[in-house]
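# Examining the three-dimensional arrangement
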Amino acid sequence: MSMSPFCDVTTWEEFSYDHFRDPDPTTPDEGRTGCCARGRTEKEQEIWSFSSKPLGKALLRTVAADRQLCQDAVTMFTDILLYSARKSLKDVAEDTRLVEHIFRQVIKRESLQDELYCQLVKQLTNNKKRSNEDRCWELLWLCAGCFPCSQPLRFHVTSFLLHKRRSPLARDCLLRLERTVQLGNRRSPPHPLELHTVQKKSGSWGQIVILPDKSTVAIAVESSSRGGDLCLDVANKLGLKTTGGISLYCRVADKVVSIPHGDYYFDFLCSIRPLAEWLSSEVSSNWREHAEYDLLFRRKVWTDVMVGEDSVADMRMHFFQELESFLSGHHKCSKSEAVQLAAYLYRVRFGQAGFELHDDKKTAEVLKDLIPRDLLQIEPPEHWKQDIVATFNRHAGLNRDDAKLAFLRHVSTWPTFGSAFFHIERHDYRKYPEKLMAAVNRRGLMFMDQNSKNTIVSLAFDEVETSGDTRHLWVTGNGLENTWQLTTSAASQIDDLVKAYQDFREKESSLTNKSVLV
């Protein structure tokens, strides 16, 4: 059955005559035969077709004309031969090294991207070795998810993939190429998880996401998945009313970093330093042990949070995030407020019964989960117990969810509600307390006395500028005599969070202006 122009490799062969350099007479078996070539013997190997021999020069005429590019292209083809000749999938380290070596230079040098597509299509044309062909399909699958080829070549690659549609990965390659054209290039070579995925022919990677209440949600991650896409997937599974202000975080060792909504997920993983260092070193076969990380789903921006509007977000996210801040002693909280909130927390934890505090041996341990750590020592455990039990009994009839909501409603009246708190290790401003804490919330960037919790400086988002690296934060704003330089291990996190609030406000303002114009 004729399916022209996708019925054979004619279009690919024609492309080679227009754009490939001439066969190299110094390279054995390199020549041209076929429907568009004349005067060659059938024994000669087509330059556009499979070869088990290294290339003497780059395929594309434009690349072959540049000495350095040509040398890089020849090395790239050698790596393709090495990868495709490997039959075992057990040596993950070597596979990862070869893929890294192939793609690292191509992502940096756009002029080699068409060359890589050409080399892979060449190796998939008339390839009679099944295992070798399968490995080349894996590379093309990875390639299509990283960057597209140029428009002139794309027609021929698309024709080739349609012609090869019976191959298990051909359709996936075509879909991935279309998505990459639409979404843009990746910044990093394929992540080892992507290599693992294509080798297992699974198409996507199952990822567990941890919620603030410690429960988990399973999602599927693809090469084209971005931070915002994954946020939306989790939000839909939970039934949240909106994803505004919510973010995914990657936790590696003791570092927690927000994943930008517009970043490719696997690009972001490669940018995390512990994983990046692991990728650049020799990877063991048991790579999972070296790449351990957690994916967290949390509220990042609290600008438009109204307690009670989204019960799922309140019960599964907001309550547990605010509970963490409360027990850490970061909020300014009076003793009477601490008793009131502890009674709510007691009901959340133990329900209607409330017997745990009647056991004197357990009292001190239970109080750690009810009272802020900085207030625990101001009263003996017995006094805390009496006050909490009395308040608890006055709340008879409240269920666990009611108590969570009551807790949130109370803390939402505090100026530090929804804050992310960060310890400042060092500053050079003698008129301020030695121990400072930074808080970023919907009101702006605040600096507080760690001991008294009093606010020293408060800067609204429209009057503050920040920049930070791994250890230093620079702050400029109204009310500050000069630019502050602060030392903190959370400098980049503070800078990122301030900019997230500023971006959120800017988007809201833009939407408001558009609605007024309409």
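This one's a predicted model, so the numbers in the text were calculated from it and none came from an experiment. (Residues numbered from 1 in each chain as written. Predicted model: local features only at pLDDT ≥ 70, side-chain atom pairs only at ≥ 80, totals over all residues. Heavy atoms only, no water.)

## Focus on the sheet that holds strand 9 (residues 436-441)
The pairing of strands in a sheet happens through backbone hydrogen bonds and is either parallel or antiparallel. Spatially, 8-9-10-11 is the arrangement adopted by the four strands of the open sheet, whose pairing is antiparallel. Each edge of the open sheet is held by one strand with a lone partner, namely strand 8 (420-424) and strand 11 (455-459). Each strand axis lies, on average, 20 degrees off the axis of its neighbour in the sheet, ignoring direction. Bridge analysis of strand 10 (residues 444-449) against strand 11 gives four bridges, and the strand direction is antiparallel. If you follow Met-448 over to strand 11, its bridge partner there is Thr-455. (Pairing = 2+ DSSP bridges. Helix = DSSP H or I, 4+ residues; strand = E, 2+ residues; numbered from the N terminus. Axes fitted to C-alpha atoms, helices over the stretch in contact; angles between N-to-C directions.)

## Observations regarding the sheet that holds strand 4 (residues 216-221)
One open sheet accounts for five strands, arranged 4-3-7-5-6; its pairing is mixed. In this open sheet, the two strands that pair with only one neighbour each are strand 4 and strand 6 (255-259). Strand-to-strand, the axes of this sheet are offset by a mean angle of 35 degrees, without reference to chain direction. Sheet analysis places strand 5 (residues 246-252) next to strand 7 (residues 294-299), joined by six bridges and oriented antiparallel. By the bridge assignment, Cys-250 is partnered in strand 7 with Leu-295. Contacts from helix 10 (residues 227-238) reach strand 3 (205-210), strand 4, strand 5, strand 6 and strand 7, with the element oriented near 135 degrees to strand 4. Set on the sheet, helix 13 (residues 311-327) makes contact with strand 5 and strand 7; between it and strand 7 the angle comes to about 95 degrees. (Contact = heavy atoms within 4.5 Å.)

## A closer look at the packing of aromatic side chains
Evaluation of the coordinates by the stated rule reveals 16 aromatic pairs. A centroid spacing of 6.2 Å and a plane angle of 25 degrees characterise the contact between Trp-137 and Phe-160, whose relative ring orientation is stacked. One end of the pair, Trp-137, is in helix 6 (residues 130-144); the other, Phe-160, is in helix 7 (residues 151-163), with 23 residues separating them in the sequence. Given the relative accessible area of 3%, Trp-137 is considered buried. One aromatic cluster is present, formed by Phe-319, Phe-320, Phe-326 and Phe-407 through successive ring pairs. (Phe/Tyr/Trp six-rings, centres within 6.5 Å; stacked < 30°, edge-to-face > 60°. Buried < 20%, exposed > 50% of the residue type's maximum accessible area, 1.4 Å probe, protein only.)

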